[in-house]
Amino acid sequence: MALATIDYQKTKVVKGYTDRLLHIDLTDKKIEIKEISPETKDMFIGGRGYCLKLVYDGSEASTRYDSPENVLAFAGGPFCGENGFAGTGKFIIGSISPLTKTFCDSNVGGYFFPLVKNAGFDAISVTGKSDKDVIVFIDDINGTIHIEDAPDTESAIYDAEKLVDVWRGESKPSAIAFVNAGIGSKNTFFGCINSVYYDPRRKRCRAKQAGRGGMGTIMREKGLWGIVARSDLSKGSSNQPVDKARLREAGKGLRNVLRERDPKEMRLAKQGTTALLDIMNTNNILPVNNYKFGSDEREKNISGKIFEDSIFEQKHPDGCFAGCNLACTKACENHQLLTGPFKGKTVAVDGPEYETAAAVTNLGIFDIPLMLEYAWYCDEYAMDTISTGVGIAFLVEAFQQGHLTLEDTGGMELKWNDAGTVFELLHKMAAGGDGFTRKVGRGIRYMKGWIADRSASRNGHSRDEVLKDLDLFAMETKGLEFSMYITKESLAQQGGYGFALKGPQHDEAWLIALDQVKNEMPTFEQKASALCWFPLFRTWFNIVGLCKLPWIDVRHPDAAATEDPAKNIPTVDLYLELVNSTLGTEKTLDDLLTESERSYLLHKLINLRQGFGTREYDKIPLRAMAPVFMDEFNDRKDYYKKYLTETVGLDVTSMSDEALLKSLQGYRRDQYEILMDTVYAAKGYDSNSIPTDETLKRLGFEGEEYFQIVKTARQRVAG
Ligand code: SF4
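Let me begin by describing the structure that accompanies this report.

### What to know about helix α10 (residues 304-311)
(1) Moving on: Turning to α10, its buried residues number three or more, namely Gly-304, Phe-307, Glu-308 and Ile-311. Buried residues along α10 cover an arc of 130° about the axis, so they all sit on one side. Within α10, the exposed residues directed more than 90 degrees away from the buried face are Asp-309 and Ser-310.
(2) Moving on: Residues of α10 that are buried in the fold lie against α8 (268-271), α9 (275-282), β14 (331-336) and α12 (368-381).

### Considering the environment of Thr-645
(1) Moving on: Following the sequence through the fold, Thr-645 ends up in helix α26 (residues 637-648).
(2) Moving on: Taking relative accessible area as the criterion, Thr-645 reaches 38% and is therefore assigned partly exposed.
(3) Moving on: Between the alpha carbons of Thr-645 and Glu-586 there is a distance of 52 Å; along the sequence they are 59 residues apart.
(4) Moving on: When neighbours within four sequence positions are excluded, Thr-645 is seen to be in contact with Leu-650 and Val-652.

### Some points on the pattern of salt bridges
(1) Moving on: Applying the stated criterion across every chain yields a total of 63 salt bridges.
(2) Moving on: One salt bridge in this structure joins Glu-476 and Arg-445, with 3.1 Å as the shortest N-O distance. Taken together, the residues span a long stretch of sequence, with Glu-476 in strand β16 (residues 476-477) and Arg-445 in helix α17 (residues 444-459) at a distance of 31 residues.
(3) Moving on: Overall, Arg-445 belongs to the partly exposed group, its relative accessible area being 38%.
(4) Moving on: Salt-bridge contacts for Asp-677 lead to Arg-615; the nearest nitrogen and oxygen are separated by 2.6 Å. Residue Asp-677 is found in helix α27 (residues 657-683), and its partner Arg-615 is found in the loop between α24 (589-609) and α25 (630-635); the two are separated by 62 residues along the sequence.
(5) Moving on: The structure contains a network of salt bridges with shared partners spanning Asp-199, Arg-202, Arg-204, Arg-206, Glu-313, Lys-315, Asp-318, Lys-330, Glu-333 and Asp-350.

Rules and cut-offs
Residues numbered from 1 in each chain as written. Predicted model: local features only at pLDDT ≥ 70, side-chain atom pairs only at ≥ 80, totals over all residues. Heavy atoms only, no water. Buried < 20%, exposed > 50% of the residue type's maximum accessible area, 1.4 Å probe, protein only. Helix = DSSP H or I, 4+ residues; strand = E, 2+ residues; numbered from the N terminus. Arc of directions from axis to C-beta. Contact = heavy atoms within 4.5 Å. Salt bridge = Lys/Arg side-chain N within 4 Å of Asp/Glu carboxyl O.

Following this line, the structure appears as structure tokens:
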């Protein structure tokens, strides 16, 4: 039943923009269409920039994830939906996160936002809370937008085709795409949002996920089951670039690079991101047993080649949006579920992606059917595969270390390579669970405090002492669980995780491959410099609605001859062609970086306003910098002895292994502190990671409110 409806006149996309925002207030069931001002467009561009601006304007320092005024923002960007170029189905979902308590966002691909844009909107903002579960239906074909009762199902993806059939009316199934969040989003703090679209080749719905930061949790907290878009993209490009021929030429150039290089490099079009499993295992980066070890001989059972040859159905190309021939969205068409409420059913599994597979190896499990099981259930429940897996891995290690007991876990013994317990926890968490599993669903930062309280009273230690022990291996920073790369041997990626404004997600700075695998930034200065350039250029992809993989995962053959091959500048030049042919501008790379820096700075300002964002929030656990325990050190003892001799200058022959480990830990901690100082200065921040007034002015943040935010942060740090 429709609870509110408006008729609307669609605005056509011109030069990548509609300049309109769809605003939904769920408390009052109000639907409004607003203009996006030229100032906002110039300053924040789209995508993450628009989400940041909407969340900044709509919230205040006291806003929490469940506050009615918290804005759940969705935005594509000027290139979202351009089918003449690869990687253009991406959009961003941003809000004040239940995990980090400040702005967090997640990007995801698929047809949802291209359809929303075609229906006339550059962004959607949702505020308020509904008294019952509802959906928002944007119907471009009938020219209406309405709010109606949610479908009578808690299933996020199992029933997807049936829902598409109901919603599509006379249209083809591909005219429907939607975002939604399942029951796990309701019951945990790391709920993800599924981006669901119909794939005519596979004749079924596909689902991609905006995984990080609990965006699904916020959606369900608002009483929003999902948003449905109905529009018709069959008439070709809807993006209306100024110079279509120039754009098509650039798009062809990029597609040629992908076609030529991917089969010789990562084979993403055949293996998806499972291609990373071998690379990470070979280079001691694949997380095993809560990031303790970086490699395991059982990896041969789950390699990308096995996925390519036996698991992924290869009949069709798998782009998550039209025009992407990197086509990494692989899928297994038949997996019979082994556990849980759907046990015995045969389902199609989208993925697993590398992050999902590595979340399973991090639990000591190297088994493809179990990886498929984990991927499908996390998507169905709408729970972030990373936070879920890393959270359980932390509990296993805490149990093994004696900080957690059977009494705490309700009789559940936690150990490595124990799929039975992992799936029991997963299903219970999703369903809301008993006391223990409900708590687990609140994330590692919460669990640290809970364990410290119980362990301290049981063992007579102080709470702070227990917390200090847990902090060594609790893989979270800023409240967000680490994504799936071991960073002990990559100072660049340590900074990439620690300084990332939303928490340790590789989205902002994926430097591990460039630093550790390819050794393309061997000096301290190169790593520090990379931590300025790469986060900004990667932010640019998020503000314009583009996928980064065609740029960072496939190198242009001409890049090798450039000054800094890691930046892949010949491909960047193709992106500049996309920009200028769409917008009718002559922007340079420096212009793009400045645009990114503005959004980056607004994110920093939100973090500071919410009471975070200073140096202490960039600290990372020791496990991210060095081995914590002797068995971890012994696993690579020869390597560490060589490192301490050659890099630190120690005479290791006269030292005990315990003394060597202590020296290594101390050295790594010092290096990280020096890195903080160097990168903050280069970014125009003070030593507490607070932007200087000059930095605000340089980027056009002239309003008194911004100066007040940094002033208050400085006072807070000064005590
Ligand atoms: S590279 Fe993969 S994730 Fe990126 S747009 Fe293409 S299919 Fe989607």
